[in-house]
Number of protein chains: 2
Amino acid sequence: MTYCVGMLLDRGVLFMSDTRTNSGVDNISMYRKMFTWEEPGERVITLLTVGNLATTQAVISLLDERTKAPAERRPSILEAPTMFQVARIVGDLLKETIRTTVDKGQTAESQFAATLILGGQIKGMPPRLFLIYPEGNFIEASAETPFFQAGETKYGRPILVRAYDPEMSFADAIKLLLVSFDSTIKANLSVGAPLDLQIIERDALRIGHSRRVPPDDPYFRVISDGWGEALKRAFDALPDYDAI
Amino acid sequence: MTYCVGMLLDRGVLFMSDTRTNSGVDNISMYRKMFTWEEPGERVITLLTVGNLATTQAVISLLDERTKAPAERRPSILEAPTMFQVARIVGDLLKETIRTTVDKGQTAESQFAATLILGGQIKGMPPRLFLIYPEGNFIEASAETPFFQAGETKYGRPILVRAYDPEMSFADAIKLLLVSFDSTIKANLSVGAPLDLQIIERDALRIGHSRRVPPDDPYFRVISDGWGEALKRAFDALPDYDAI
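So, a few notes on the structure that sits alongside this text. (Residues numbered from 1 in each chain as written. Chains lettered and ligands numbered in written order. Predicted model: local features only at pLDDT ≥ 70, side-chain atom pairs only at ≥ 80, totals over all residues. Heavy atoms only, no water.)

When the charged atoms of two side chains with opposite charge come close together, those side chains can pair. According to the stated counting rule, one finds 30 salt bridges over all chains in the structure shown. With its nearest N and O atoms 3.0 Å apart, the salt bridge here joins B:Glu39 to B:Arg74. Of this pair, B:Glu39 sits in strand β5 (residues 34-39) while B:Arg74 sits in the loop between α1 (53-63) and α2 (83-103), placing them 35 residues apart in sequence. Exposure remark for B:Arg74: the relative accessible area of 37% places this residue in the partly exposed category. With a shortest N-O distance of 2.4 Å, B:Asp217 and B:Arg211 are connected by a salt bridge. The exposure class of B:Arg211 is partly exposed, given its relative accessible area of 23%. Through salt bridges with shared partners, a single network forms among A:Arg32, A:Asp196 and A:Arg212. (Salt bridge = Lys/Arg side-chain N within 4 Å of Asp/Glu carboxyl O. Helix = DSSP H or I, 4+ residues; strand = E, 2+ residues; numbered from the N terminus. Buried < 20%, exposed > 50% of the residue type's maximum accessible area, 1.4 Å probe, protein only.)

And the structure:
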């Protein structure tokens, strides 16, 4: 599986993704699932990938226009006038990639599926965040649905639902996502550190704070250990059941 | 879906189940998923059911021997010498019920599947807890795996993993399960209150404290509202990310 989150905040967009890929339980690798394109001062676009690795790698290569000589590459997502059109380009590429694989004689379409989280900002417009389905269509984040999870989403969802606040600082949002990822990693072998995190600050129009968080990162360890203790204290603080 | 938990404690066994069943999103009903047989002073057996309702109702009816006249009913699970054999009887019935449905011309075996959580105690032996698969085989809880969840298990798992303690009181364990169920209900429409809870106290050899917890139960409301606040406080208490 995989676990990725894109989160819309008043201050911009925050992304986090794990790096584990697996095919079965004895074929485990580490791959980056976070990709960024920027034209400083003009636009910045980040993509998180979940699903079949061959599919997502093909999509990224096509977006990069790696079929062309390096000098001739001019990714169309750097030309599209709006984030909506960027989402459409990415969605179409995703759908085509899956269809091409299936047309080559593979029958199980779902096996080649992938889901993408796309976020970014183009000059003069607000930051936007999309969830792109294997069918190529997509939905956009809004005030009611301000974040998208993809992959192994359930373990880490309750804390997001309870603690998300659009006005929170990036530091708090990173803390929140680390708690959500930690809960998922503790429960599911198919999600694993290191984690990639990236900030796109509103109107900065370039890549913001970006980091790879290794499993032994001191802050991540403090959060991971501290959260267990904090949860137990929170649990103990609730009133006792006395109807027995 | 459904959400059910059976939890082995030093003091006995605790069970909790929701009551929502659905086929699609516009065919929602309420059914009890917790069933108990007892012979006071001799044995007590509780079964939680998850899965196809026709399958689980058939299994319960067969266990009750409802094919016979009331006076002739003598459920064999009240005769079996050990909980292991009770699990085998229940597992065989489950497998047969699914197979019979499929033999009648239905093809999608998985559609008729069900999973059961079985717990109880027979005089002279310790309390035991089993998870029974649709294939009729089963696994038993142990010190390393002291509780079983079935159905919509993921949302409510992190808190169980963090806060479970075999020495906890029944009151604390009920509080823990209510938190786990509340997180699940908040995240997933297919799980819903009222909740059924039941205690089997070690060596009591009869049904212990049993209750139906309605959605507006005052204690459940306090836990549900209080947990959101407690989580936020716990989250705020964690140190801030300061690497930005």
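All right, on to the sheet that holds strand β10 (residues 147-151) of chain B then. Residues and elements named next belong to chain B. Read from one edge of the open sheet, five strands run β10-β1-β2-β11-β12, paired in antiparallel fashion. A strand with exactly one partner marks an edge of an open sheet, and here the two such strands are β10 and β12 (210-213). Across this sheet, the average inter-strand angle for adjacent strands is 10°, counted without regard to direction. The pairing of strand β2 (residues 12-17) with strand β11 (residues 195-201) spans six bridges and is classified as antiparallel. The residue bridging Val-13 from the neighbouring strand is Ile-200, located in β11. (Pairing = 2+ DSSP bridges. Axes fitted to C-alpha atoms, helices over the stretch in contact; angles between N-to-C directions.)

Right, let's get into the environment of A:Ser210. All names here are of chain A. Following the sequence through the fold, Ser-210 ends up in strand β12 (residues 210-213). The spatial distance from the C-alpha of Ser-210 to the C-alpha of Gln-198 is 4.3 Å, given a sequence separation of twelve residues. With near-sequence residues (within four places) excluded, Ser-210 lies in contact with Leu-197 and Gln-198. In this structure the side chain of Ser-210 is engaged in a polar contact, spanning 3.1 Å, whose partner is the side chain of Gln-198. Among the polar contacts listed, one links the side chain of Ser-210 to the backbone oxygen of Gly-208, at a separation of 3.1 Å. (Contact = heavy atoms within 4.5 Å. Polar contact = N/O pair within 3.5 Å; in protein donor to acceptor, adjacent residues only side chain to side chain.)

Moving on to the relation of the copies chain B and chain A. Rotating chain B by 180° and translating it 0.0 Å along the rotation axis places it on chain A, where the RMSD comes to 0.0 Å. The superposition of one copy onto the other is thereby described by a two-fold rotation axis. Closest approach to the rotation axis within chain B is made by the C-alpha atom of B:Tyr155, at a distance of 2.4 Å. Interface overlap between copies: 100% of the residues of chain B at the interface are likewise at the interface in chain A, consistent with a symmetric, same-surface contact. (Least-squares fit on C-alpha atoms with pLDDT ≥ 70 in both.)

As a further point, take the sheet that holds strand β6 (residues 43-51) of chain B. Strands belonging to one sheet form pairs held by backbone hydrogen bonds; the direction of such a pair is parallel or antiparallel. Residues and elements named next belong to chain B. The antiparallel open sheet is built from five strands, whose spatial order is β5-β6-β7-β8-β9. Only two strands of the sheet have a single neighbouring strand rather than two, namely β5 and β9 (138-140). Neighbour-to-neighbour, the strand axes of this sheet turn through a mean angle of 20°, independent of strand direction. Bridge count between β6 and strand β7 (residues 114-122): nine bridges; the pairing is antiparallel. By the bridge assignment for β7, Thr-46 is matched with Gly-119. Those strands touched by α1 are β5, β6 and β7, and its axis lies near 160° from that of β6. The sheet strands contacting α2 are β6, β7, β8 (128-132) and β9, and the helix crosses β7 at an angle near 160°.

That's the geometry; what it means functionally is another story.
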